[in-house]
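Survey of secondary and tertiary structure
So the chains spell out like this:
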Amino acid sequence: MNTIAYYISDYGFGHAARSVALIRRLLKMEEDLRIIICHSFALSFLRESLKGENRVTFRRLETDIGYELREDSIEPDIQKLNAKYKQYLKKWSLFIAQEREFLQTNQVDLVISDITPFPFEAAYMLEIPSIGISNFTWYTAYQKLVDDTMLKALKDAYEKMTYFFSLAGSQEPNWGMRETKHFGFFARDVDNHEVNRIKKLVNPTGERFVVFFGLGMKIDVDQLERLPIWDSPNCTFIVSTNVRVKRPNVFPIPEDYIESQNYIAAADLVISKPGWGIVSEAVCGNKPLLILERQAAMAEDQHMISYLQKHRFCTTLGWNEIQDFEIGESFIDKMEKLKQNSIVVDDKDRIAKKILELLKKRNC
């Protein structure tokens, strides 16, 4: 049986959710496959999402540090990030040595990482092929936030990827590996019966405009309660569990509910920061997007917004602008026009087939 070590970024739930979509498809397409998931932050979510899959095992591992955000804001805290990153680098050699031993002990045939850097170093030392799957790397994400002199370790690690699977919105450099593959959006499958149940719950008469308002599980913004958007006429809101707004027209996703793509599918509009996870589930479901822009220069955000605007998938709003924003009829009409774009093809089948093809090539 072939073994994949699958590393998932610890920043938020987006990397975990898209990894679930791909892992489910890999297991469905190939019986002779075992996957070891290496992750910590959303490990309970991953366990629940893949419950019953006896070919999946879980290993608690802190994979990366992500961003640090200012209190009550979606803006990065550069000082805190730099301090945390310096501590991360102090353990760099230990991380690599630890993963080298793990890969050898578990006789791993292929390393996949979304998009933790140090496993690529360990895989390279052992001549195990590796695939990076992402719309960004932490090297390019940190370039305007962390001093360039401290980024060499990340750059060196990413240059050791055997393959990079570049996802929608990516503007990564050529990392010097043998091959870069380009893919679009993909997401977890939607349960149509569940979507209909949610619609009846939040919009029983079918006459209201349903808005999914999700800022990502690592954002905690207390002033959300005071935003005028909740008073938008004839609107009902679905919110992620960290959006603590108590109104009769606001429905939080239950904390123990793991298939949030069904709530996105039940909405008429998705409002979010430009995180790939929510964006992909909205785009794959042909939902118009209102993207909240941060003022600070964050490469991942800007690349995603440029991609979405190029393909006319979204309109944008500055974080300061949302303080006075309400949804009116003219805005709803504008959003409806975004739905007239062509349907996006979910790319997880194509990605899974390519992974299995490379794994087969490894064994020839």
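Preceding this section is the structure that the text describes.
As a starting point, this report considers the structure included with it. (Residues numbered from 1 in each chain as written. Predicted model: local features only at pLDDT ≥ 70, side-chain atom pairs only at ≥ 80, totals over all residues. Heavy atoms only, no water.)

**Quick word on helix α10 (residues 276-284)**
Counting buried residues along α10, nine of its nine residues qualify, which places the element largely inside the surrounding structure. Here α10 has its buried residues at Trp276, Gly277, Ile278, Val279, Ser280, Glu281, Ala282, Val283 and Cys284. In this structure, the buried residues of α10 make contact with α1 (14-29), β8 (209-214), α9 (261-265), β11 (269-272), β12 (289-293) and α11 (299-310). Looking one or two residues beyond α10, the residue adopting positive phi is Asn286, at roughly 55 degrees. (Buried < 20%, exposed > 50% of the residue type's maximum accessible area, 1.4 Å probe, protein only. Helix = DSSP H or I, 4+ residues; strand = E, 2+ residues; numbered from the N terminus. Contact = heavy atoms within 4.5 Å.)

**Regarding the packing of aromatic side chains**
Centre distance and the angle of the planes are the two values used to describe a pair of aromatic rings. If you walk through the whole model with that rule in mind, you get 25 aromatic pairs. With 5.4 Å between their ring centres and 70 degrees between their planes, Phe13 and Phe41 make a pair best called edge-to-face. Of this pair, Phe13 sits in the loop between β1 (2-8) and α1 while Phe41 sits in the loop between β2 (33-39) and α2 (43-49), and the two are 28 residues apart along the sequence. Look at Phe165 and Phe183: their rings are 5.1 Å apart centre to centre, the planes differ by 50 degrees, and that puts the pair in the tilted class. With Phe165 in strand β6 (residues 163-166) and Phe183 in the loop between β7 (179-182) and α8 (192-202), this pair connects stretches of sequence that are 18 residues apart. An identical accessibility class is assigned to Phe165 and Phe183; each is buried. Taken together, the ring pairs connect Tyr11, Tyr67, Tyr85, Tyr88, Trp92, Phe95, Phe118, Phe136, Trp138 and Tyr142 into an aromatic cluster. When the ring centre of Phe102 is taken as origin, the NZ or CZ atom of Arg59, which lies over that ring, is 3.8 Å away. (Phe/Tyr/Trp six-rings, centres within 6.5 Å; stacked < 30°, edge-to-face > 60°. Lys NZ or Arg CZ within 6 Å of the ring centre and 35° of its normal.)

**A few points about the packing of α1 against helix α13 (residues 348-363)**
How two helices pack is summed up by the angle between their axes together with the distance between the axes. Interaxial distance between α1 and α13 falls to 9 Å at its minimum, and their mutual angle equals 60 degrees. Taken together, α1 and α13 sit at an angle that is classed as oblique. The hand of the α1/α13 crossing is right-handed. Contact residues: Ala21, Leu22, Arg25, Leu26 and Met29 in α1; Lys348, Asp349, Ile351, Ala352, Lys353, Ile355 and Leu356 in α13. Here the contact of α1 with α13 is built from residues that sort into eight nonpolar, no polar and four charged. (Axes fitted to C-alpha atoms, helices over the stretch in contact; angles between N-to-C directions. Parallel < 35°, antiparallel > 145°, perpendicular 65-115°, else oblique. Left-handed = near helix turned anticlockwise from the far one by under 90°. Nonpolar A, V, L, I, M, F, W, Y, C, P; charged D, E, K, R; others polar.)

**Some remarks on the sheet that holds strand β9 (residues 235-239)**
Strand order in the open sheet made by the six strands is β10-β9-β8-β11-β12-β13, with parallel pairing throughout. The sheet terminates laterally at β10 (250-252) and β13 (314-318), the two strands that pair on one side only. Taken over all neighbouring pairs, the strand axes of this sheet differ in orientation by 20 degrees on average, direction set aside. Relative to β12, α11 is tilted by about 150 degrees, and along the sheet it contacts β12 and β13. (Pairing = 2+ DSSP bridges.)

**Here we look at the pattern of salt bridges**
This structure, assessed with the given rule, holds 19 salt bridges. Between Lys84 and Glu68 there is a salt bridge, with its nearest N and O atoms 2.9 Å apart. Taken as a pair, Lys84 in helix α3 (residues 78-90) and Glu68 in the loop between β3 (56-60) and α3 lie far apart in primary sequence, 16 residues in all. Salt-bridge contacts for Glu259 lead to Arg188; the nearest nitrogen and oxygen are separated by 3.9 Å. You can see Glu259 sitting in the loop between β10 and α9 and its partner Arg188 sitting in the loop between β7 and α8, a full 71 residues away along the chain. Here the salt bridges do not stand alone but share partners, grouping Arg25, Asp189, Asp346, Lys348 and Asp349 into one network. (Salt bridge = Lys/Arg side-chain N within 4 Å of Asp/Glu carboxyl O.)

By themselves, these figures tell us nothing about what the structure is for.
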